[in-house]
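Understanding the architecture of this molecule
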Amino acid sequence: MSKKIALITGANKGIGFETAKQLGQKGITVIVTARNAANGNAAVTDLQKEGVDAEFLQLDVTNAADIQHTFDYINNKYGKLDILVNNAGIQVEDGDWGTNTAATVTAEALHKTFETNFFSVVLLTNKLLPLLKKSDAGRIVNLSSILGSQALHSNPNSPIYASKLFAYDASKTALNAYTIHLAAALAGTSVKVNSAHPGWVKTDLGSDAAPMEVVDGAKTSVALALLDADGPSGKYIHAGQELPW
Ligand code: NAP
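Attention here is on the structure that accompanies the text.

Calculation criteria
- Within every chain, residues take consecutive numbers counted from 1 along the sequence as written.
- For a predicted model such as this one, the threshold for reporting local features is a pLDDT of at least 70, and the threshold for listing and counting side-chain atom pairs is 80 or more; totals across whole chains, interfaces and linings nevertheless cover every residue.
- Computation of side-chain values covers all heavy atoms of the structure but excludes hydrogens and water.
- Residues belong to a common nonpolar core when they are buried Ala, Val, Leu, Ile, Met, Phe, Trp, Tyr or Cys residues joined through side-chain atoms within 4.5 Å.
- Note on classification: 1.4 Å probe, protein chains only; a residue is buried when its accessible area is under 20% of the maximum for its type, exposed when over 50%, partly exposed between these limits.
- Starting at the N terminus, helices and strands are each numbered in turn, a helix being any DSSP run of H or I of at least four residues and a strand any DSSP run of E of at least two.
- Contact between two residues is taken to exist if any of their heavy atoms lie within 4.5 Å; hydrogens are not considered.
- Note on pairing: DSSP must find at least two bridges between two strands before they are called paired.
- Note on definitions: angles span 0 to 180 degrees between N-to-C directions of axes, and those axes are lines fitted to C-alpha atoms, for helices only across the stretch in contact.
- Any residue with a heavy atom positioned within 4 Å of a molecule or strand is treated as near that molecule or strand.
- Note that Gly is not counted as nonpolar here; it falls among the polar residues with everything else outside the nonpolar set of Ala, Val, Leu, Ile, Met, Phe, Trp, Tyr, Cys and Pro and the charged set of Asp, Glu, Lys and Arg.

Considering the nonpolar core
Core analysis: the biggest nonpolar cluster contains 31 residues, and Leu81, Leu84, Leu128, Leu132 and Ile140 have the highest contact counts within it. The set of elements that each furnish at least two residues to this core consists of β1 (5-8), α3 (64-77), α4 (107-133) and α6 (166-185). When residues of this core are assigned to their parent elements, the largest contribution, 9 residues, is made by α4. Non-local contacts of Leu128, meaning those with residues more than four positions away in its chain, are made with Thr70, Phe71, Leu81 and Leu84.

Comments concerning the pairing of strand β4 (residues 83-86)
Side chains of β4 alternate between two faces, with Ile83 and Val85 and Leu84 and Asn86 buried alike. In this sheet, β4 lies alongside β1 in parallel orientation, the contact comprising 3 bridges. The residue bridging Leu7 from the neighbouring strand is Leu84, located in β4.

As for the environment of Leu81
Within the secondary structure, Leu81 sits in the loop between α3 and β4. Between the C-alpha atoms of Leu81 and Leu186, which are 105 residues apart in sequence, the distance is 16 Å. Leaving out residues up to four positions away in the same chain, Leu81 has contacts with Ile5, Ala6, Leu7, Ile74, Leu128, Leu131, Leu132 and Ser135.

A word on the sheet that holds β1
Strand order in the open sheet formed by 8 strands is β3-β2-β1-β4-β5-β6-β7-β8, and the pairing between neighbours is mixed. Each edge of the open sheet carries a strand with a single partner, namely β3 (54-58) and β8 (241-242). Across the sheet, α4 is in contact with β4 and β5 (139-143); its angle to β4 comes to roughly 175 degrees. Most of the contacts of α6 go to strand β6 (residues 192-196), to which it runs at about 160 degrees, and overall it touches β5, β6 and β7 (236-238).

Focus: the site of the ligand
As a matter of local geometry, the ligand sits amid 29 residues, with Asn12, Arg35, Tyr168, Val201 and Thr203 nearest to it. Elements supplying a minimum of two residues to the shell around the ligand: α1 (14-24) and α6. Its residues placed into classes, the shell around the ligand shows 11 nonpolar, 13 polar and 5 charged.

Below, the structure written as structure tokens:
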């Protein structure tokens, strides 16, 4: 059996870097992508020091030419892709809950957030789908968030009820819709796609206030990337448990 190949977006730091490390430690070749070449190459050097078979590919997920280049590169070098972790994400609101709401959100915040967290995921994934279909067990992991849950946002008793950052939350809800629709479109193939909530994780995005260490924050992504043939598709999962959409 040929070696598994995984591509992780936004893998220069945070949950993406840790996901690359944990997949690499399982003997998978990891294509570390990042929009900044210096940061991406530094991440690859760190991974190689840990014995991981890693290589860098520059990919700004919002750049159409980068997406085409990514397809061409993997197609020419490997002819298939086993794992795609759509990890890159942004949260552009200032985090001052209550000041950047559905009533006050700017067009810029909405466009910027949806471009990275939603449109680019759809465009990159659809471009790479022919390569994922060439794998024996293609796996797509979409890094969503519990903040994308409509069920929890509409429930005053839920733990996230007060945490309303409209652009970010709505972008993850849209991403969840893509997961559901794509799983339906892939029914009958060997490719599975799921949404992951990593937990509230200590990263630049999650902040130092987060309770979860990054080593644990990558575990949901890694588990979904390694699902066996009996595993779920079209689900929204944190630490092995389904979340309500
Ligand atoms: P992070 O440390 O801020 O890392 C985000 C990564 O995304 C960085 O590598 C960043 O690159 C990259 N990125 C942003 N825009 C990009 C673009 N246009 N092209 C390529 N890469 C881009 O955040 P994180 O906490 O690890 O988040 C990873 C994912 O988990 C995100 O999708 C986030 O929404 C999700 N998530 C995180 C938490 C949490 O508590 N941390 C909770 C729920 C969901 P640069 O270094 O160049 O900026």
